[in-house]
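So the chains spell out like this:
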Number of protein chains: 2
Amino acid sequence: MDRTNEILKSIGEKCTEQRRLILKAILELAKPVSADEVYEYLSDTNSVGRTTVYRTLELFEQKKLVRRVIFRDGIMRYESTHLGHHHHLICLSCGKVFPIESCTIVSLDESIIDEFDFLVTEHFLELYGYCKNCRKGEKK
Amino acid sequence: MDRTNEILKSIGEKCTEQRRLILKAILELAKPVSADEVYEYLSDTNSVGRTTVYRTLELFEQKKLVRRVIFRDGIMRYESTHLGHHHHLICLSCGKVFPIESCTIVSLDESIIDEFDFLVTEHFLELYGYCKNCRKGEKK
DNA sequence: ATCTAAATGAAACTAAATTTCATTTAGATG
DNA sequence: CATCTAAATGAAATTTAGTTTCATTTAGAT
Ligand SMILES: [Mn+2]
Ligand SMILES: [Mn+2]
Ligand SMILES: [Zn+2]
Ligand SMILES: [Zn+2]
């Protein structure tokens, strides 16, 4: 029946109301969000405790339903892995986050083993600047 | 006389014993370090308080003597700006950090404005994996 | 040598995240 | 369906990184 139920079953974990709600929130929010943002998002339903949000996001990370994203403020955020590997544009003015789905870094990853004798297994790139909207009316 | 004194004068800030020691530590450690790592490094001299370390690193960042570096653990680290813009290889096994001095991303930065109408002003790339040493003896 | 605005640091505080532990519950079993 | 138990939950306590406050000290100007 419910989409979230399916997903929880597919990872072989117990289906609880809390887990369903947290997963739903992550899917609906559709951007990197902190545990507290998930908690706030669900606060009106009043059915999930903070601790459970933290724990559940950790579980989801292990089960690869979400990935952890760290921006310059150091806060742990999580986003659905529904979108594959990608990078982020983050607006320094309004904070909006835009995904860049193409990744030109993979070839770099591979050259590193030759040049540095270092085996790259993952990489994170974030680009900061100013979005279209926030540049409106500013002298170009 | 002292190298650190020169530098502090050059940024037009008061030369205090604490600032000299913190700057010296940053230069000697020559890698991204947290305020607490600087504090520990100086703990034997017993001449700098934790608060001063935090505040001084912040000052140094404003004055562009150091830059802030955030890895996956979200802890604020600082490194000398002596080395220009570069990226990091971080070993997931031993934690060692290696700089990659060439940056192939700048051209990406420029293409973003056309593709996303987003003006990139800075970017951060970190590559995680396993260094030469930590791969010793492992099946390739 | 004197003076003062700035710097320092101990202690209090904040915010994010983790741990503890008593209570509840999903879902397996009969 | 009723019973049972290991797992999940959440309030509260704790930890950790970082910030703020404020009384005291000090760099360096005069
Ligand atoms: Mn994303
Ligand atoms: Mn570096
Ligand atoms: Zn914006
Ligand atoms: Zn290593």
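For the structure, see preceding data.
Residues numbered from 1 in each chain as written. Chains lettered and ligands numbered in written order. Predicted model: local features only at pLDDT ≥ 70, side-chain atom pairs only at ≥ 80, totals over all residues. Heavy atoms only, no water.

### Topic: the protein's contact with DNA strand C
Here is the rule: For this description, a residue counts as near a given molecule or strand if any of its non-hydrogen atoms is within 4 Å of it. N or O atoms closer than or at 3.5 Å make up a polar contact, with two conditions inside protein: a donor-capable atom paired with an acceptor-capable one, and, for residues adjacent in sequence, both atoms drawn from side chains. Numbering of helices and strands runs from the N terminus, with a helix taken as a DSSP run of H or I at least four residues long and a strand as a DSSP run of E at least two residues long.
Surveying the vicinity of DNA strand C reveals 20 residues, the closest of which are Cys15 and Met76 of chain A together with Thr16, Thr52 and Arg55 of chain B. In this structure, a phosphate oxygen belonging to DNA strand C sits 3.1 Å away from a side-chain N or O atom of tyrosine 54 of chain A. Here a base nitrogen of DNA strand C and a side-chain polar atom of threonine 51 of chain B are 3.5 Å apart. For the surface near DNA strand C, the elements supplying multiple residues, two or more each, are α4 (50-62) of chain A together with α2 (17-29) and α4 (50-62) of chain B.

### Some remarks on the coordination of the zinc ion (ligand 4)
Metal coordination angles in their ideal form are 109.5 degrees for the four-donor tetrahedron and 90 or 180 degrees for the six-donor octahedron. Residue and element names in this part refer to chain B. Note the following rule: Only N, O and S atoms count as donors, using a 2.8 Å limit from the metal and a wider 3.2 Å limit for Na, K and Ca, and since water is excluded some coordination spheres may look unfilled. Working rule for geometry: tetrahedral if four donors all subtend angles between 85 and 135 degrees; square planar for four, octahedral for six, if opposite donors exceed 155 degrees and the others stay between 65 and 115; irregular in every other situation.
Binding of the zinc ion (ligand 4) to the protein goes through Cys91 (SG), Cys94 (SG), Cys131 (SG) and Cys134 (SG), at separations of 2.2 to 2.5 Å. Between the four donor atoms coordinating the zinc ion (ligand 4), the angles at the centre fall across 101 to 118°, so the site counts as tetrahedral. Read in sequence order, the donor residues for the zinc ion (ligand 4) give the motif C-x2-C-x36-C-x2-C. Here cysteine 91 is found in strand β4 (residues 87-91), whereas its partner cysteine 131 is found in the loop between β6 (119-130) and α6 (132-135), with 40 residues between them in sequence.

### What to know about the protein's contact with DNA strand D
Contacts to DNA strand D come from 20 residues, most closely from Thr16, Thr52 and Arg55 of chain A together with Cys15 and Met76 of chain B. Expressed as a percentage, the sugar and phosphate content of the atoms of DNA strand D within 4 Å of the protein is 69%. Threonine 16 of chain A has a polar side-chain atom sitting 2.5 Å from a phosphate oxygen of DNA strand D. One of the backbone nitrogen or oxygen atoms of methionine 76 of chain B is found 2.9 Å away from a phosphate oxygen of DNA strand D. Those elements that provide at least two residues to the surface near DNA strand D are α2 (17-29) and α4 of chain A together with α4 of chain B.

### Regarding the relation of the copies chain A and chain B
Stated precisely, the cut-off is as follows: The least-squares superposition of copies is restricted to C-alpha atoms, and to residues with a pLDDT of at least 70 in both copies. Pairs of residues are marked as contacts when any of their non-hydrogen atoms sit within 4.5 Å.
Its rotation angle being 180°, the transformation that places chain A on chain B also includes 0.0 Å of axial translation and leaves an RMSD of 0.1 Å. The two molecules are tied by a two-fold rotation axis, judged by turn and shift. The residues that chain A uses at the interface reappear at the interface of chain B in 100% of cases, marking a shared surface.

### Let's talk about the packing of aromatic side chains
What counts, and what does not: Any Phe, Tyr or Trp ring, taking Trp's six-membered ring, that has another such ring centre within 6.5 Å forms a pair; planes under 30 degrees apart are called stacked, those over 60 apart edge-to-face, and the others tilted. Relative accessibility decides the category of a residue: with a 1.4 Å probe and only protein chains considered, values under 20% of the type maximum give buried, values over 50% give exposed, and everything between is partly exposed.
For the coordinates displayed, the defined rule picks out four aromatic pairs over all chains. Here the aromatic rings of phenylalanine 118 of chain A and phenylalanine 98 of chain B are separated by 5.9 Å at their centres, their planes lie at 70°, and the arrangement is edge-to-face. Highlighted residues: phenylalanine 118 of chain A in the loop between α5 (106-116) and β6 (119-130) and phenylalanine 98 of chain B in strand β5 (residues 97-100), drawn from two different chains. When its relative accessible area of 1% is taken as the criterion, phenylalanine 118 of chain A is described as buried. Taking the relative accessible area as the measure of exposure, phenylalanine 98 of chain B reaches 22% and is therefore partly exposed. Measuring from centroid to centroid gives 5.7 Å for tyrosine 128 of chain A and phenylalanine 124 of chain B, while their planes differ by 75°, and the two rings are edge-to-face. Note that tyrosine 128 of chain A is positioned in strand β6 and phenylalanine 124 of chain B in strand β6, a pairing that runs across two chains.

### Focus: the interface of chain A and chain B
Basically, it comes down to this: Reported buried area values correspond to the accessible surface (1.4 Å probe) lost by two parts on association, with both partners' losses combined. What makes a salt bridge here is a side-chain nitrogen of Lys or Arg within 4 Å of a carboxyl oxygen of Asp or Glu, nothing more.
With 37 residues of chain A at the contact, the number on the chain B side is 37 residues. Approximately 3,200 Å² of surface area, both sides summed, lies buried where chain A meets chain B, with 63% of it carried by carbon and sulfur atoms. Here aspartate 117 of chain B and arginine 135 of chain A are joined by a salt bridge, their closest N and O atoms 2.8 Å apart. Within the residue set of the side of chain A that touches chain B, elements represented by two or more residues are β2 (66-70), β4 (87-91), β5 (97-100), α5, β6 and α6 (132-135) of chain A.

### A look at α4 of chain A
Residues and elements named next belong to chain A. As a reminder, the rule being used: Take the number of residues in a helix, subtract one, and multiply by 1.5 Å to get its expected span.
Relative to the 18 Å expected for 13 residues at 1.5 Å per residue, α4 spans 19 Å between its end C-alpha atoms, a close match to the ideal helical length. Of the surrounding secondary structure, the elements contacted by the buried residues of α4 are α1 (3-10), α2, α3 (35-41), β2 and β3 (76-80). After α4 finishes, the residue lysine 64 shows a positive phi value of roughly 65°.

No statement about biological role is implied by the geometric values presented.
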